[in-house]
Amino acid sequence: METRTWAGLLAGTAALVTGAALAPVAGATGSTTAPHDPCTRTELFFGTERPDGGPAVTDQEFQDFVDSVVTPRFPDGLTVEQARGQYRDSHGVIEHERSYLVTLVYPTPKAKPAGTAVEEICHAYDQRFQQESVGRVDEPVKASF
């Protein structure tokens, strides 16, 4: 049975850090080490249905958005996952839609400029795809890469 370390699992997913390089996990080839670098994890929830009833945002449109808007602001890496979500719209109606979850992890000392970049991303998505909002969750985490 193959043993996987946290470092191996993290390396197997998309790189999640922007800004300064973080220290590698000590002993990554055979033992696990608890993450130790203070970071912020931001999760962004992008809906795909348009309030005006127009066509939903396609996979290609979303990938183009990630390539042109998100990646230039977080070039060191990010994770994109497809999801199904629901929310109450501005008219009180529960809406169900295909969505995307984008996860960013960056060093806490870079949280202020990263926060500005995240706001730019949210605004750009709202404008480009006529969205009411982009959901956002920020939380402190410890990470090592």
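Provided above is the structure to which this section pertains.
Everything quoted here is computed from the prediction, not taken from an experiment.

Let's talk about the pattern of salt bridges
Then, number 1: Overall, the coordinates contain 6 salt bridges when judged by the stated rule.
Then, number 2: Salt-bridge contacts for Glu 61 lead to Arg 50; the nearest nitrogen and oxygen are separated by 3.6 Å. Residue Glu 61 is located in helix α2 (residues 59-73), and its partner Arg 50 is located in the loop between β1 (37-47) and α2; the two are separated by 11 residues in the primary sequence.
Then, number 3: Exposure remark for Glu 61: the relative accessible area of 30% places this residue in the partly exposed category.
Then, number 4: Relative accessible area serves as the criterion here: at 14%, Arg 50 is assigned to the buried category.

Examining the environment of His 36
Then, number 1: For His 36, the location among the structural elements is in the loop between α1 (6-12) and β1.
Then, number 2: Placed 105 residues apart in sequence, His 36 and Val 141 show a C-alpha to C-alpha distance of 9.0 Å.
Then, number 3: A polar contact of 3.0 Å, which involves the side chain of His 36, links it to the side chain of Ser 144.

Thresholds applied
- Residues numbered from 1 in each chain as written.
- Predicted model: local features only at pLDDT ≥ 70, side-chain atom pairs only at ≥ 80, totals over all residues.
- Heavy atoms only, no water.
- Salt bridge = Lys/Arg side-chain N within 4 Å of Asp/Glu carboxyl O.
- Helix = DSSP H or I, 4+ residues; strand = E, 2+ residues; numbered from the N terminus.
- Buried < 20%, exposed > 50% of the residue type's maximum accessible area, 1.4 Å probe, protein only.
- Polar contact = N/O pair within 3.5 Å; in protein donor to acceptor, adjacent residues only side chain to side chain.

The analysis is restricted to geometry; functional conclusions fall outside its scope.
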